[in-house]
Amino acid sequence: MKPYKYQNQIADLVRQGKNIILQAPTGSGKTFASLWPFYIGWAARQSQMPQKCVYAVPMRVLANQFEEEVNRLVTEEMRFKTLPAVKKQTGEYREDPEFRSDITFATIDQVLSGWLMAPYNLPRRLGNLNAGAFVGSYLIFDEFHLFDPDSTLPTTLQMLKTLNGVSPFILMTATFSKEMLEKLARHLNAEPFLLTEAMLAEIPAQNKERRFYTADSPMTFKDEEKRIWAEDTAVARILQTHKEQTIAKPRTLVVCNQVERAQAVYTALHEQKADGVTVRLLHSRFRKKDRQKIENFIRDEFQKDKDKQTVPSLIVVATQVVEVGLDMSCAVLHTELAPAASVLQRAGRCARYPGESGRVYVYPLAEKGYAPYHGKHAKQQCDLAWEWLGANQDRHLTFADEQALINYAHTDSDNMILDAVFGAEYERLEQIRAAWRGEKDRGATAVLIRNIQSVSVVVHSDPDQLRGAPFKADSFSLHPGTLQGKFAQWQERNDALDSDFDEGYLDWLVCKLVEDVDDEEAIQGNRPIRYSFKKAASKHELHAPLLVVNPALVGYSLELGLTLYPGEKYECDVPETAVRQQYQTYSYKLESYYRHIELVHQAFVDDSLAGFRAAARRLERAYGWREGIITDMAHLVMAVHDVGKLSQGWQGWAQTWQKAIGQSELTFPAAHTDYDPANPRHKVKVGKRPSHAVESALASLPIMQKLVASDMDKYRPLLRAAFTAVARHHAPFSSQPGSYQLVPNHMREIENTLQLLPKNVQQLCRNTEMQAETNAKRDLPPEFIERYLLIKPRNERDVCCYMLLVRALRTADQKGTKMGSQ
């Protein structure tokens, strides 16, 4: 496939190390433009291009679609002999929870939660695992205009500023105002790239026409009982314009701003449609397998090749899930008013292909019907968009016209948004650092990711059945405000019933998932995290990683999806793994200290070294450091991360345990003991196992200092990063060491493990006097820990090095431990 000229220009800029903010209309090839330079660099193993790409999108439907598109590009268009590994990571598709693939398509929630060390879909003890995946990677943020201006946008901008010069990025949208584009480019040290008319003329997809009209009345209304109904005039207009289409297979799309409105419009159209017309509904509250079928059906029936369409006459009612991502084209679009950027994105699903023409009807919103666009800026953008569209009725809008609409409706609010974001940068940075320190729980951290976040809801009558693997059950995403409103109604109705006499009284309405954060064995990684469920007593308690709703309160059907009122009975299936994992734990075999370090270092060299070295070189170039010094430190960290296990306390505990389970006395320092959860003898209690992670960092501090002794001031960020990586290789927020004393032969064990490392590291670090004994209360005042532990990150060098090192260490430690247990 031959790239367009602008795509070649983008590739040249990326190869030059430039960051880019790209604005191009729908259907102009933005996805290919952003990914093409990465694929070329990946296939050729070019050193100037990262070998890992993270493609972030605001909605999960985009991640699904883009994965399919990328696989098509590399197999059909580029025809690579070796294909990169491509996976998606969303709340629904958890294919790559640790961001291991060559390309990971993920929702922005997954990316930012990982960056903030509170990753969704991973337990708290793995909180610091994913942040390093973004250091030195190629980052693409698509449909950037959909990022929430109060949460997602400022956190993303702060992330990119921290990674400046380390992780090249592209921000993409079809609908930025010109001023916002230019201001963001200056702020992020990026190149603004706006397609010109000459560039657009080269793209066949731009040869199309769509005209805009405004309707007189809203699409839906609420009755006195707050139930939502479709307006008769709107339903009549939708059916009439569908009937008037002159194409062989009429196609109409209706987009509503909320699920309940879409369900109401679908129901009315289904009841009033003429014979031969098919009506389908799509929104976010279908089960995954059902939504996949509907999305595939829509893609097939609204595709470019009309001869492959099988349904003679089709109307689809949907929510914002079709606003971006779905490659489809209708002849007529009916949409509720939204901010101008969203209206134009929806219009991109109408007359999408070359030579097509279409009509777009925009409906006003009821006085209190702006949700989810009820924020000050969004409401203003809606009102200004309505004003501009009203003055430009029955006009074909070119890309220049669309830009005029965006500039008219968004410039003032964009300026206010950016002024607020830039003005609160220091405060935002402090909030991010608080998250890195573990001072924020997941609910508080979520506010930094998306103010209008969704909550995951499972429908089941016995929440305890889900305890083993709660995130593997089929779940739905609901807006917190929607669920809180319904909970208040459910609770009021339930409280009016007598628990002893009234039929219909429910013992519980909603239960929330609770993670046992005090389980020391789980924190140290010795067994899976333990979960339980707690009844929610009020709507204010509905903030949790997962909520379970009583099936008696809701319904589900293949036509309507999940309804927040009783309907067809529905209860999610309990995955077999949920039952099996509920009481499952890990097994270990007796393993010497030397053998464990050998396996961990081997895992690092075999699986991670190449990718780590590439990312480390980007950091070294950005910071002006000696090439290879970060990788040298990584080798050393692998060797010393468990020095704390060479303490008399830890080895004494291991000796006691082995005797208690009937094994012979240890004759060597151990890193792991025998443990089989199925063996009754292994249920014996021998006292708490001493901690070792922070102690390992303290004991090995002198040897890490020796590696950077040539210029301590210059490499102090690397020293702090390495110290913190060792201290937090089991739990992301460990900071308090215990007193310890290393065993007499500790230096022999350490010197032996140093022989596993590259020669230059051995030569720098051998014969180092260790911190062999520490009394925590006497020797470790808070200022000492603060000097070396990233409790208060001082700059981006501290943070980026730590993220990279701790990811490499935890990954290698996990695999090395697994190999030693086989």
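Scroll up a little and you will see the structure.
This section reports on the structure supplied with the text.

Rules and cut-offs
- Residues numbered from 1 in each chain as written.
- Predicted model: local features only at pLDDT ≥ 70, side-chain atom pairs only at ≥ 80, totals over all residues.
- Heavy atoms only, no water.
- Salt bridge = Lys/Arg side-chain N within 4 Å of Asp/Glu carboxyl O.
- Helix = DSSP H or I, 4+ residues; strand = E, 2+ residues; numbered from the N terminus.
- Buried < 20%, exposed > 50% of the residue type's maximum accessible area, 1.4 Å probe, protein only.

### Structural notes on the pattern of salt bridges
The full count for this structure, using the stated rule, is 29 salt bridges. Residues Arg-617 and Glu-627 are paired through a salt bridge, measuring 3.5 Å at the closest nitrogen-oxygen approach. A residue pair is termed long-range when its members are at least 10 positions apart, and Arg-617 in helix 19 (residues 593-623) and Glu-627 in the loop between helix 19 and helix 20 (629-640) qualify at 10 residues. Classification of Glu-627 by relative accessible area gives exposed; the value is 57%. We note a salt bridge from Arg-720 to Asp-798, for which the minimum N-O separation is 3.2 Å. Highlighted residues: Arg-720 in helix 23 (residues 712-727) and Asp-798 in helix 28 (residues 796-821), separated in sequence by 78 residues. Arg-720 sits in the buried class, given a relative accessible area of 2%. One salt-bridge network, held together by shared partners, links Glu-209, Arg-211 and Asp-394.

### Examining the environment of Gly-481
With respect to the helices and strands, Gly-481 occurs in helix 16 (residues 480-495). Once the C-alpha coordinates of Gly-481 and Pro-372 are considered, the two residues, 109 residues apart in sequence, prove to be 9.9 Å apart.

### A look at unusual backbone geometry
One non-glycine residue, Asn-121, lies in positive phi territory at about 70°. Within the element layout of this structure, Asn-121 appears in the loop between helix 4 (108-115) and strand 5 (138-141). The backbone of Ala-351 sits at a positive phi, close to 45°, despite the residue not being glycine. By the element assignment, Ala-351 lies in the loop between helix 11 (340-347) and strand 15 (357-363). Ala-351 sits in the buried class, given a relative accessible area of 0%.

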